[in-house]
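Given next are the chains, with one letter for each unit.
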Amino acid sequence: MKINPELKLRTIVGESVVLMNSEGSRDMSKIMALNSTSKFLWEKLFGKDFTLEDVVNLLLDAYDVDRERAEEDAGKWVEQLTELKVIQ
């Protein structure tokens, strides 16, 4: 997996956001807000090929969570970003 390299993380009014192009829409872009964990993962993984296990290990190393919780959260993160075509 890889985060779409055309997308850029920005800070707007103190919020971490990703500007996303909307194909076939009147709006030229959509904004996806990232919470602190999503921002952390984005910064660690942007520009790299990674696996679900890589995401799990980052969560385990950075946060006080057990493996089951890290696997669940990593799966949700990857699933949501894949649906939005952020992860290729």
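Residues numbered from 1 in each chain as written. Predicted model: local features only at pLDDT ≥ 70, side-chain atom pairs only at ≥ 80, totals over all residues. Heavy atoms only, no water.

A. How the structure looks around the pattern of salt bridges. Inspection of the entire model under this criterion finds 5 salt bridges. With a shortest N-O distance of 2.9 Å, D73 and R69 are connected by a salt bridge. A residue pair is termed a helical-turn pair when its members lie 3 or 4 positions apart in one helix, as D73 and R69 do in helix 3 (residues 67–83) at 4 residues. The network of salt bridges with common partners includes E53, R67 and E71. (Salt bridge = Lys/Arg side-chain N within 4 Å of Asp/Glu carboxyl O. Helix = DSSP H or I, 4+ residues; strand = E, 2+ residues; numbered from the N terminus.)

B. Up close: helix 2 (residues 52–62). Taken residue by residue, helix 2 has V55, V56, L58 and L59 as its buried positions. For helix 2, the arc enclosing every buried residue in end-on projection is 160°, short of the 170-degree limit, so these residues lie on one face. In this structure, the buried residues of helix 2 make contact with helix 1 (36–45) and helix 3. (Buried < 20%, exposed > 50% of the residue type's maximum accessible area, 1.4 Å probe, protein only. Arc of directions from axis to C-beta. Contact = heavy atoms within 4.5 Å.)

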